[in-house]
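One letter stands for each residue in the lines below.
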Amino acid sequence: MTSRNHTRRAIWSRTIPAAIALGSLVATTMTEPAPAAAAITSPANPVVTWDLNAQTAIWDVAAQQPNEQVRSFAMVNGAVYDALNAIAGTPYQPYLVAPPSRGTESADAAVAAAAHDVLAALFPAQQERLRAQYDAALAAIPDGLSKQGGVRVGARAAAAMVTARQDDGAFGDQQWRNGTAPGQWRPTPPLFLSQGAWTGHMRPFLLPRVSVFRSPEPPRLTSTAYTRDLNEVKEVGSATSTARTPDQTEAAIWWHDRRSASWEIKRQLATTQRLDALQTARFFAMTDLIVADSGVACFSQKDFWSYWRPVTAIHLADTDGNPRTAADPGWQSLLVTPPFPEYPSGHACGTGARMSLYRYFFGRDDIAFSGSSVDSGTTRRFTSFSQALDELISARVWGGVHFRAADVEGAKLGAEVYRYAVRHYFRPLR
């Protein structure tokens, strides 16, 4: 890994100060080590295997940040879905295309070709490593027309995806607006960075336009709601908070981990719910394309409202015109504040979309799952999708990086994106 990737990874993955509670936290609350990849993958399901391969390329090697990761996963799993859906006779709406298929093509070869070709296009510097991975996957498949056909179908699905996402606005040169008035966003300590503004201008995967859904105006600075939110995050989100419990500290760090536990959870659900390859491909594509568009919609609203972060609001509370808030220029958040405006919460948008889709896909809320975090050194367990979303909403406050209103409204925005997507895409055709 390059030193640049180390720097990129460090941007959003730290706590302040680094030693806060973690030494004692890990010693007292660590439940078990992170499960090995083999424990959450099924050799019989190539979609799960290549999703893990995608994670390696996207995060372990490229160190993409969350607003970048979601686009990459969406492209990979959208192509994989189109390939397997075509081989199965197109029982569902294709996302982009249904490559010609006789139905006898190798699913393993199709998945390998679709995922490899998208990843190679996304990460040209990794082509040699990806080619070796691809060749090893194909070597395990018997030679013949089925294998050749699978490669052909997968390659066509990948080509359609890569073509569709050309000039989509990713990694553009847009910049966030820096304000000086109360309530307006400006770069935050300790890094004072401004990144990711292009995300709200990228062409969506599913939505007709980036601004199809709007968040309501954030609480006015003199309102009771704003007073309540500021004083809450000031108390429980501080780096030195004595009101935050050890479990809340762990949850804040766990949810903030840029090596997202959501990837593990997605694969875990495919395995525990015994999805076959096509079901898994549809599940992964729905998840990743919907989450990607929730990010686009959310960042569009961040750009529109350009709202200040808690650390800024607390430092400058004596300028907000609210006599019920008090400035604390020395206040620090537990977590490093992400380098973009606060409202609505991007993490809540994505998690709101994800958990809404999971309830829809499996037809129930009460499915148990777990996920591990390297940053917290712990595994957290949930008994339902709604429980996980509720914890995320609070965890961003406990980490000191969001007001509660931003999390609540972010989750609502993500749910709106989910509802639009399932009404218009991925529907059964027979």
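Computed from a prediction, not measured in an experiment: that's the story for all the values here. (Residues numbered from 1 in each chain as written. Predicted model: local features only at pLDDT ≥ 70, side-chain atom pairs only at ≥ 80, totals over all residues. Heavy atoms only, no water.)

Notes on the overall build of the protein chain
So the rule is basically this: Only DSSP runs of H or I covering at least 4 residues are called helices, and only runs of E covering at least 2 are called strands; the numbering of each starts at the N terminus. The size measure is the radius of gyration over C-alpha atoms, and the globule rule it meets is 2.2 Å times the number of residues to the 0.38 power. Working definition: with a 1.4 Å probe on protein chains only, accessible area under 20% of the residue-type maximum means buried, over 50% means exposed, and in between means partly exposed. Residue contacts are counted whenever heavy atoms from the two residues lie within 4.5 Å of one another.
A tally of helices and strands in the protein chain yields 16 helices and 2 strands. A compact globule built from 430 residues should have a C-alpha radius of gyration of about 22 Å, and the protein chain, at 22 Å, falls within 12% of that. Scored against the burial criterion, the 430 residues of the protein chain give a buried share of 58%. In the protein chain, the proportion of contacts linking residues at least 24 apart, taken out of those at least 6 apart, comes to 80%.

Quick notes on the nonpolar core
Considering soluble globular proteins, one finds that nonpolar side chains tend to be buried as a cluster. The condition that has to hold: Here, nonpolar core means buried Ala, Val, Leu, Ile, Met, Phe, Trp, Tyr and Cys residues that are tied together by side-chain atoms lying within 4.5 Å of each other.
Judged by nonpolar contacts, the single largest core of 114 residues is most densely connected at Phe205, Leu269, Phe283, Ile290 and Leu357. Broken down by element, this core gets its largest block of residues, 12 residues, from helix H12 (residues 277–305). Listed in part, the 5 residues of the second largest apolar core include Trp176, Trp185, Ala197 and Phe340.

Thoughts on the packing of H12 against helix H16 (residues 404–424)
Short version of the rule: Axis lines are fitted through C-alpha atoms, for helices just across the contact stretch, and the angle between N-to-C directions can take any value from 0 to 180 degrees. An angle below 35 degrees is treated as roughly parallel, one above 145 as roughly antiparallel, one from 65 to 115 as roughly perpendicular, and anything else as oblique. Crossing handedness: left-handed means the near helix sits turned counterclockwise from the far one by under a right angle, and right-handed means the same turn made clockwise. All amino acids are sorted into three groups, where Ala, Val, Leu, Ile, Met, Phe, Trp, Tyr, Cys and Pro are nonpolar, Asp, Glu, Lys and Arg are charged, and the leftover types, Gly among them, are polar.
Packing of H12 against H16 leaves a shortest axis separation of 9 Å and a crossing angle of 130°. Between H12 and H16, the interaxial angle falls into the category oblique. The chirality of how H12 crosses H16 is right-handed. Between H12, through Met286, Ile290, Asp293, Ser294, Ala297, Cys298 and Gln301, and H16, the contact on the second element is made entirely by Leu413, Gly414, Val417, Tyr418, Ala421 and Val422. Here the residues of the contact of H12 with H16 are counted per class, giving 9 nonpolar, 3 polar and 1 charged.

Description of helix H4 (residues 46–61)
Quick reminder: α-helices carry 3.6 residues per turn. Residues three or four places apart thus point the same way. So the rule is basically this: Multiplying 1.5 Å by the residue count of a helix minus one yields the expected span of that helix. We call two N or O atoms a polar contact when they sit within 3.5 Å, provided that within protein one can donate a hydrogen and the other can accept it, with sequence-adjacent residues counted only if both atoms are side-chain atoms.
With 16 residues, H4 should cover 22 Å at 1.5 Å per step; its first-to-last C-alpha distance of 21 Å lies within 8% of that length. Of all 16 residues in H4, 12 are buried, a share of seventy percent or more. Taken as a whole, H4 has its buried residues at Pro46, Val47, Val48, Trp50, Asp51, Leu52, Asn53, Ala54, Gln55, Ala57, Ile58 and Trp59. The distance from a side-chain oxygen at the start of H4 to the backbone nitrogen of Val47 is 3.1 Å, and the residue carrying that oxygen is Asn45. Of the residues trailing H4, Ala63 is marked for its positive phi of about 55°.

Some remarks on the packing of aromatic side chains
Pairs of aromatic rings are described using the distance from one ring centre to the other and the angle between the two planes. Heads up, the condition is: Pairing of aromatic side chains here covers Phe, Tyr and the six-membered ring of Trp, requires ring centres within 6.5 Å, and sorts the geometry by plane angle: under 30 degrees stacked, over 60 edge-to-face, intermediate tilted.
Evaluation of the coordinates by the stated rule reveals 27 aromatic pairs. When the centroid spacing of 6.2 Å and the interplanar angle of 65° are considered together, the rings of Tyr307 and Tyr343 count as edge-to-face. One end of the pair, Tyr307, is in the loop between H12 and helix H13 (310–315); the other, Tyr343, is in the loop between H13 and helix H14 (346–362), and 36 residues separate them in sequence. Considered together, Tyr307 and Tyr343 belong to a single accessibility category, that of buried residues.

Describing the side chain of Ser300
Along the chain, Ser300 falls in helix H12. What Ser300 contacts, discounting residues up to four positions off in sequence, is Gly200, Val210 and Ser211.

Describing the environment of Thr104
Within the secondary structure, Thr104 is located in the loop between helix H5 (66–87) and helix H6 (107–122). Between the alpha carbons of Thr104 and Val162 there is a distance of 25 Å; along the sequence they are 58 residues apart.

What about helix H15 (residues 385–398)?
For H15, built from 14 residues, the straight-helix expectation of 20 Å at 1.5 Å per residue is met to within 8% by its first-to-last C-alpha distance of 20 Å. Taken as a whole, H15 has its buried residues at Phe385, Ala388, Leu389, Glu391, Leu392, Ile393, Ser394, Ala395, Arg396, Val397 and Trp398. Two residues or fewer after H15 comes Gly400, characterised by a positive phi angle close to 80°.

Looking at the confidence of the model for the protein chain
We count it as follows: Residue-level confidence of the predictor is summarised by pLDDT, bounded by 0 at the bottom and 100 at the top.
Considering every residue of the protein chain, the mean pLDDT works out to 92; 90% of them sit at 70 or more. Across residues 1–9, confidence stays below pLDDT 50; counting only partners more than four residues off in sequence or on other chains, it has 16 contacts. Predicted confidence for residues 16–42 stays below pLDDT 50, and this span has 43 contacts to residues more than four positions away or in other chains.

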